[in-house]
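Notes for the structure review
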Amino acid sequence: MTQPDPDALFASAMAMQPYFREQGPDSEARTEGAYRLFTQAAEAGHTLAMARLVARRDVGLHWAIQLAKRGDGSRLVTELTNNDWSPEARGEVLTLARAGEPWAQAVVGHFYGMGMSRRFALAATTENGFGWLPAAKQPDVEARRWLELAASAGWADALLTLSRLETKDDPVGALALAQRAAEGVLTREQREYLPTRICELLERAKAPLAVQLPARQVCIDQGHAESMAWLADRYRLGEGVTQDTARAIELYQASADKGCVHGCRELGRAYEEGLGVAADDTRAREL
């Protein structure tokens, strides 16, 4: 028997779902019909359908956990602040974290990482009598401890968070963490963002151009405008590649077309000074 297409189910659910505050004789039936289709799509692994279901009070925590298992713990962190769920239901995440589930460890780390200073974070503590999370005198330290546990299991979300924390003081260490994250469970957004993150860290860590160039090419293949301008600089200066002004102009133009400030500035300078193009003050001013 042919399995239903999750994308088709999601599209049908979106088409069936009434508009916000839409009133009509069939709006309630359409809402429930859309919910059933979203559920079928989510059960087939469609993450956008899962995200829609997180808003449902009766099933939101379940689907937030399913998203967390797929690398997106942000919705679960938010859901754990929701007092519609009992401390016992929310505390199951802490139980799983203590049992070694890396997605749960990362979520607990993110929760502590809020500093326990926000009202809802403080309300989550067991010291208040109805919370699910032990209070910590140094929540940032506790956050790092949980994130490092998740990172030791290769959990990409924790590795990326630790990489951001290390960027200023230890760019080489931050780079190693980001590179390890590339081998883990990534969301679509993380998969799109990570190559540019690695390029930035390679530059901060002063990696050899022979290492930076192929990493930048990955970003360029994804249409990253700043990486196009970066490679244009290398061709203009002859750094790591054979000097090629025509190729530099081509890359500056491509980056400028995507709105890159550096690409616009350098292309404008080329038109102003006639470097690789015919001098054109009007075009230079436009850029």
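What you are looking at is a predicted structure, and each value in this text was computed from that prediction instead of being measured.

Another aspect to go through is the nonpolar core. Leu 76, Leu 80, Val 93, Val 108, Phe 111 and Trp 132 are the most contacted members of the largest nonpolar core, which totals 63 residues. In terms of residue count, the dominant contributor to this core is helix H7 (residues 102-113) (seven residues). Ignoring sequence-local partners within four residues, the contact set of Val 93 consists of Ile 65, Leu 76, Leu 80, Ala 104, Val 107 and Val 108. Counting residues in hydrophobic clusters, the runner-up holds 19 residues, among them Met 228, Trp 230, Ala 248 and Tyr 271.

Looking at the secondary structure, you find Thr 31 in helix H2 (residues 27-43). According to the relative accessible area criterion, Thr 31 is partly exposed, its value standing at 34%. Between the C-alpha atoms of Thr 31 and Gln 17, which are 14 residues apart in sequence, the distance is 5.3 Å.

The subject of this paragraph is the packing of aromatic side chains. This model, assessed by the stated rule, comprises two aromatic pairs. When the ring of Phe 10 is compared with that of Phe 38, the centres are 5.6 Å apart and the planes differ by 55°; the resulting orientation is tilted. Taken together, the residues Phe 10 in helix H1 (residues 6-16) and Phe 38 in helix H2 connect sequence positions 28 residues apart. The class of Phe 10 is buried, set by a relative accessible area of 15%. Ring plane angle 75° and centroid distance 5.3 Å describe the contact between Phe 111 and Trp 132, whose orientation is recorded as edge-to-face. Of this pair, Phe 111 sits in helix H7 while Trp 132 sits in the loop between helix H8 (119-123) and helix H9 (139-152), placing them 21 residues apart in sequence. In this structure, Arg 56 is placed above the aromatic ring of Tyr 35, and the distance from its NZ or CZ to the ring centre is 3.7 Å. Sitting over the face of the ring of Trp 230, Arg 234 holds its NZ or CZ atom 4.7 Å from the ring centroid.

Using the criterion set out here, one finds 15 salt bridges in the structure. Linking Arg 75 and Asp 72 is a salt bridge whose minimum nitrogen-to-oxygen distance equals 2.5 Å. For Asp 72, a relative accessible area of 17% translates into the label buried. One salt-bridge network, in which partners are shared between bridges, spans Asp 233, Arg 236, Glu 266, Arg 269 and Glu 273.

This part covers the environment of Leu 160. Residue position: Leu 160 is located in helix H10 (residues 156-166). On the accessibility criterion, Leu 160 (3% relative accessible area) is buried. In the structure, Leu 160 is positioned 113 residues away from Glu 273 in sequence and 43 Å away in space, judged by C-alpha atoms. In contact with Leu 160, other than residues within four places in its own chain, are Ala 181, Leu 186, Gln 190 and Leu 194.

The rules behind each value
- Residues numbered from 1 in each chain as written.
- Predicted model: local features only at pLDDT ≥ 70, side-chain atom pairs only at ≥ 80, totals over all residues.
- Heavy atoms only, no water.
- Core = buried A, V, L, I, M, F, W, Y, C linked by side-chain atoms within 4.5 Å.
- Buried < 20%, exposed > 50% of the residue type's maximum accessible area, 1.4 Å probe, protein only.
- Helix = DSSP H or I, 4+ residues; strand = E, 2+ residues; numbered from the N terminus.
- Contact = heavy atoms within 4.5 Å.
- Phe/Tyr/Trp six-rings, centres within 6.5 Å; stacked < 30°, edge-to-face > 60°.
- Lys NZ or Arg CZ within 6 Å of the ring centre and 35° of its normal.
- Salt bridge = Lys/Arg side-chain N within 4 Å of Asp/Glu carboxyl O.

Without other data, these values stay purely geometric and don't point to any function.
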